[in-house]
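# Breakdown of the fold
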Amino acid sequence: RHYNFCAGPAALPESVLKRAQAEMLDYQGRGLSVMEMSHRSDDFIAIAEQSEADFRALLGIPDNYKVLFLQGGASLQFSMLPMNLLGRGGSANFVHTGIWGKKALAEINHLGLPHHLAASSESNGHTAVPPHEAIVLSDDAAYLHFTANETIGGLAFDYTPNAQRRDGTDVPLVCDMSSSILSAPLDVSQYGIIYAGAQKNIGPAGLTLVIVRDDLLDQAQSPIPSLFHYRGIAEAKSMVNTPPTYAWYLAGLVFQWLKDDIGGLVEMEAINQRKADKLYGAIDASDFYANPIATPNRSRMNVPFVLADSALDSAFLAEADNAGLLNLKGHRSVGGMRASLYNAVSEDAVDALIAFMADFEQRRG
Ligand code: PLP
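Residues numbered from 1 in each chain as written. Predicted model: local features only at pLDDT ≥ 70, side-chain atom pairs only at ≥ 80, totals over all residues.

In this section: the UniProt feature "binding site: pyridoxal 5'-phosphate" (unreviewed entry) in the protein chain. Annotation from UniProt places "binding site: pyridoxal 5'-phosphate" (unreviewed entry) at Ala 74, Ser 75, Trp 100, Thr 151, Asp 176, Gln 199, Asn 241 and Thr 242. For the residues just named, distributed over 169 residues, the greatest C-alpha separation reaches 30.4 Å, placing them at more than one site. In this structure, Ala 74 sits in helix H3 (residues 73-85). Apart from the residues within four sequence positions on either side, Ala 74 is in contact with Asp 176, Ser 178, Tyr 195, Ala 196, Gly 197 and Thr 208. (UniProt positions renumbered as here; feature names shortened; annotations may be inferred. Helix = DSSP H or I, 4+ residues; strand = E, 2+ residues; numbered from the N terminus. Contact = placed C-beta atoms within 7 Å.)

In structure tokens:
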């Protein structure tokens with residue numbers, strides 16, 4: 001296997017893939033694959049419950065939150081969120097720090113629902129998140145949405161925004177954590193809703209996790225499609241219809257890996273910090289590579305960088321590929337390079353990338 005720096009669907013822990021492979025044809029002596037089981041069978045219910053229990057344990061999710069296992073990607077939440085949270089009026093407030101936040105804003109605009117831009121980093125080209133005091137909520141704010149880690153720009157919040165109106169009323173804080181969830185410990189109680197597409201730190205594509213505080217289950221617009229209603233989904237234990245069973249099972253294996261092999265999120269964060277420090281250190285030490293993000297907001301998960309001469313981009317990518325370093329091309333909207341260093345990307349992978357970058361610079365720089 002090669003080193004995979006893909007932004008998503010991303011690398012999975014090799015031990016998880018091996019276990020899935022061992023159980024692929026015959027899950028624990030039952031004579032069938034998890035893919036072939038009824039989602040209502042005792043075996044699958046046990047898989048689903050264990051997966052949720054491990055996810056809750058990893059993040060220390062309080063009892064007054066539900067965890068929903070959904071389809072539709074993180075993108076579907078861009079519309080499910082306002083449909084579930086604006087039923088009592090008010091507007092959705094946004095902090096815009098990059099392309100994913102912009103897409104969330106575009107979707108609420110498309111739905112014609114009230115919204116307000118509480119702060120944006122557009123003026124600095126999304127190279128630094130807005131300072132805390134720059135976030136000003138509208139007087140009718142129903143919730144504040146932000147993107148913890150902008151996957152394309154490599155811009156991450158280094159603080160948790162305070163979701164408070166000027167009159168001192170607290171509103172729910174809603175966070176897109178698609179590309180940073182499970183990379184470090186988290187105080188879930190600071191949030192109303194956290195959501196994430198699975199295909200980075202959770203498991204394969206096709207699954208989306210939503211962590212929702214109980215009091216937010218009853219604020220939906222009416223009518224709302226039943227497959228979009230958080231309360232109905234929670235009551236049906238994420239089985240209103242057939243859930244993505246195999247992705248759910250694989251996510252469960254990733255949670256077990258995080259708990260048993262890594263030791264938990266404190267340990268995971270230390271590893272992720274080391275990986276990111278090494279790569280940013282190598283970029284900063286060179287005149288050939290550059291990353292534009294303000295140091296406190298540099299993402300530990302997605303490290304975009306450019307070469308001093310963009311005419312060398314295609315040679316860099318081709319040679320990296322030949323060296324077994326895959327998927328380093330930056331997002332099509334920004335160009336350059338991007339190394340995604342999600343949980344399953346090992347320190348060895350980062351060391352190999354840094355060695356390749358130094359060698360390329362020496363030969364071509
Ligand atoms: N939000 C963020 C921060 C992302 O990185 C992505 C995908 O890369 C999305 C949302 C969209 O996720 P999905 O493709 O699951 O809809």
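Moving on from the model shown.
Between the first and last C-alpha of helix H4 (residues 99-111) there are 19 Å, a value that for 13 residues agrees with the 18 Å anticipated at 1.5 Å per step. Taken together, the buried positions of H4 are Trp 100, Gly 101, Ala 104 and Ile 108. Taken down its axis, H4 places every buried residue within 110° of arc, on the same side. The exposed residues of H4 that point more than 90 degrees off its buried face are Ala 106, Asn 109 and His 110. Elements in contact with the buried residues of H4: H3, strand E3 (91-96), strand E4 (115-120), strand E5 (141-147), strand E6 (149-150) and strand E8 (173-176). One or two positions beyond H4, positive phi appears at Gly 112, with a value near 70°. (Expected span 1.5 Å × (residues − 1). Buried ≥ 20, exposed ≤ 12 C-beta atoms within 10 Å, placed from the backbone. Arc of directions from axis to C-beta.)

To continue, consider the sheet that holds E5. Spatially, 7 strands are ordered E2-E10-E9-E8-E5-E3-E4 in an open sheet, and the strand pairing comes out mixed. Two strands lie at the open edges of the sheet, namely strand E2 (65-70) and E4, each paired on one side alone. Between one strand axis and the next, the sheet turns by 20° as a mean value, whatever way the strands run. Both E5 and E8 contribute to a ladder of 4 bridges, which runs parallel. Along E8, the bridge assignment pairs Phe 146 with Cys 175. (Pairing = 2+ DSSP bridges. Axes fitted to C-alpha atoms, helices over the stretch in contact; angles between N-to-C directions.)

This next bit is on the domain arrangement of the protein chain. One can read the domain layout of the protein chain as domain 1 (3-12 + 264-364) and domain 2 (14-260). For domain 1 and domain 2, the distance between their C-alpha centroids amounts to 26 Å. Elements with a minimum of two residues in the side of domain 1 that touches domain 2: helix H7 (265-284) and strand E12 (302-307). When residues in the side of domain 1 that touches domain 2 are grouped by element, the largest group, 5 residues, is from H7. Here the residues of the side of domain 1 that touches domain 2 sort into 16 nonpolar, 9 polar and 4 charged. (Domains from an automatic or database assignment. Nonpolar A, V, L, I, M, F, W, Y, C, P; charged D, E, K, R; others polar.)

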